[in-house]
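Architecture at a glance
If you want the building blocks of each chain, they are given just below.
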Amino acid sequence: MKKLWNAGKILIPLMIVLLLIAGGTGLLFYDELRIINSIEKITDEKPVYYLEVEGDYHFEDFLKSGGASSDKAVAAFLTKRISKGFYSVDVNESELACSTISANTPDGSHVWGRNFDWKGSVPIIVKCVPKAGYASISTCDFQNITSSSKTVPEGITNKMLAIAALYVPMDGINEAGLCVADLEVNEGGMITIDTYRPDLTITTAIRLLLNKAASVAEAIEILKQYDIYASGGISHHLAISDAAGTSVVIEFVDGELVVLNTSTVTNFNLIHGNTAAGGESAKQRFEYLSSLYEENGGSLTVQQVKEALAQVSQRDGKWITQWSIVYEEHSLTASYYFDCDFNKAYNFVVCNK
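Thresholds applied
Residues numbered from 1 in each chain as written. Predicted model: local features only at pLDDT ≥ 70, side-chain atom pairs only at ≥ 80, totals over all residues. Heavy atoms only, no water. Helix = DSSP H or I, 4+ residues; strand = E, 2+ residues; numbered from the N terminus. Buried < 20%, exposed > 50% of the residue type's maximum accessible area, 1.4 Å probe, protein only. Contact = heavy atoms within 4.5 Å. Areas by Shrake-Rupley, 256 points an atom, 1.4 Å probe, with all protein chains shown as cover. Salt bridge = Lys/Arg side-chain N within 4 Å of Asp/Glu carboxyl O. Pairing = 2+ DSSP bridges. Axes fitted to C-alpha atoms, helices over the stretch in contact; angles between N-to-C directions. Core = buried A, V, L, I, M, F, W, Y, C linked by side-chain atoms within 4.5 Å. Lys, Arg positive; Asp, Glu negative; His and termini not counted. Polar contact = N/O pair within 3.5 Å; in protein donor to acceptor, adjacent residues only side chain to side chain.

Helix and strand counts for the protein chain come out as 11 helices and 17 strands. Residues counted as buried form 58% of the 353 residues belonging to the protein chain. Taking the intrachain contacts of the protein chain between residues at least 6 apart in sequence as the baseline, contacts between residues at least 24 apart amount to 68%. Summing over all exposed atoms, the protein chain offers an accessible surface of approximately 13,700 Å²; the carbon and sulfur share of this is 49%.

Time to look at the pattern of salt bridges. For the structure on display, the rule yields 8 salt bridges. With its nearest N and O atoms 3.2 Å apart, the salt bridge here joins Glu 45 to Lys 344. With a gap of 299 residues between them, Glu 45 in the loop between β1 (40-41) and β2 (49-54) and Lys 344 in the loop between β16 (333-338) and β17 (346-349) connect regions that are remote in the sequence. The class of Lys 344 is partly exposed, set by a relative accessible area of 37%. Note that Glu 60 and Lys 212 form a salt bridge whose closest N and O atoms lie 3.4 Å from each other. Taken together, the positions of Glu 60 in helix α4 (residues 59-64) and Lys 212 in helix α8 (residues 202-212) put the pair 152 residues apart, joining distant regions of the chain.

What follows is about the sheet that holds β2. The mixed open sheet is built from 9 strands, whose spatial order is β1-β2-β5-β6-β7-β8-β11-β12-β13. Both edges of this open sheet fall to β1 and β13 (256-261), since each of them pairs with a single strand only. Across 6 bridges, the pairing between strand β5 (residues 123-129) and strand β6 (residues 136-141) is antiparallel. Within β6, the residue paired with Ile 124 across the bridge is Cys 140. Against the sheet, α8 contacts β5, β6, β7 (171-174), β8 (179-184), β11 (236-241) and β12 (247-253), and its axis sits at roughly 170 degrees relative to β8. Sitting on the sheet, helix α9 (residues 216-223) touches β11, β12 and β13, and the angle it makes with β11 is about 145 degrees.

Moving on to the nonpolar core. Membership of the largest hydrophobic core comes to 93 residues, with the highest contact counts inside it found for Tyr 167, Ile 240 and Tyr 336. For this core, the element with the highest residue contribution is α8, accounting for 6 residues. Residues within four places of Tyr 336 in sequence aside, it is in contact with Ile 125, Ile 137, Ser 138, Thr 139, Asp 171, Trp 323, Ser 324, Ile 325, Lys 344, Ala 345, Tyr 346 and Phe 348. By size, the runner-up hydrophobic cluster in this structure holds 14 residues, among which are Ala 103, Val 111, Leu 300 and Leu 309.

Before going further, it helps to spend a moment on the side chain of Asp 56. Following the sequence through the fold, Asp 56 ends up in the loop between β2 and α4. Salt bridges are absent for the buried Asp 56, whose nearest opposite-charge side chain, Lys 212, sits at 6.8 Å. A distance of 3.2 Å separates a polar atom in the side chain of Asp 56 from the backbone nitrogen of His 58. If near-sequence neighbours (up to four positions away) are discounted, Asp 56 is found in contact with Pro 130, Leu 166, Tyr 167 and Asn 211.

Right, let's get into the sheet that holds strand β3 (residues 97-104). Spatial ordering of the open sheet is given by β14-β3-β4-β15-β16-β17, a layout of 6 strands whose pairing is antiparallel. Either end of the sheet is taken by a strand with one partner, and the two such strands are β14 (264-265) and β17. For strand β4 (residues 110-118) and strand β15 (residues 320-328), the ladder comprises 8 bridges, and the chain directions are antiparallel. Across the sheet, Trp 112 pairs through a bridge with Tyr 327, a residue of β15. Here helix α11 (residues 302-312) sits on the sheet and contacts β3, β4, β15 and β16; the angle it forms with β4, its principal contact strand, is near 15 degrees.

Okay, the pairing of β2 next. Inspection of the sheet shows β1 paired to β2 by 2 bridges, in the antiparallel sense. Considered in β2, the bridge of Glu 40 is made with Tyr 50. Where β2 meets β5, 6 bridges bridge the pair, whose relative direction is parallel. Along β5, the bridge assignment pairs Tyr 50 with Ile 125.

With respect to the helices and strands, the residue Met 160 is situated in helix α7 (residues 155-162). Note: C-alpha distance between Met 160 and Ser 83 (77 residues apart in sequence) is 7.7 Å.

Moving on to the environment of Lys 127. Along the chain, Lys 127 turns up in strand β5. Under the relative-accessibility criterion, Lys 127 is labelled buried at 16%. Beyond its immediate sequence surroundings of up to four residues, Lys 127 is in contact with Tyr 50, Leu 51, Glu 52, Val 53, Ser 136, Ile 137, Val 349 and Val 350.

Take it as geometry only, folks, not as evidence of what the structure does.
Following this line, the structure appears as structure tokens:
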């Protein structure tokens, strides 16, 4: 996803630098400094970063305030919290192409796979442990915050911006085994009807589900309590699965939230039944993953899911697979692969139990 958060016009007065080195700054920026101190680069080949958030970083306050109906509104909320009003964040449009597959394993566990396809990214893997909710691992593209694939979360300014990654997850897994991924709907059509309900953008909806939902059923009930708005000015749907192996896609069609059972999702609305609506690549990826699932009776090994992601990964053209995730429910481990290198895994335990 591109330019969800455009920080290209940020102006940071000298005052904030002075505050950060002043004696009393530890109190003013205590939470922020604790988060940015956790940021570390985890690969040499690609700019991939990791950060930890203890608590929810004002997310409950965000919900109590009524949420937000646009990325700009989310940005305004975070500007006030992260920078104490010293700088602002703009928002622009974006698009992406992705694939997900969910299955039970032969030993009765659950495995989930996800490819995130885009052109250049700076992944930030976010470990979040809220005080009242589920621990989770999620992924943000820092390009969605800075509008640049060249900018990395290093130095005090960019590290402070990286805190926003908590509110902009593209996918994630929580300790209850809930898996969520955002995928673009290429044919468009996401319309939100404004009601009395509070508001969420797609990315903040993902954060809420990771924090609060233990199952697909709970995720659906939570989403029904909000008006869900497009992030980045494009149409989306959400692939959601849980530890019991239940898998659905949540689509937003004609102002309605629609739930369809499916173990594979790419970039077209499944409710319309037109696999070609999202383009030839989306059609081919969906048909390959669906055939694999059906041929194996819905039972796939972790290795088979990994190989499937490799098969549908995008290695050239406009969209390139930036990261792939294979989640193993029995070990609560998310294995990441970057730039289609499926020989090198970076493993993260969602929660130690």
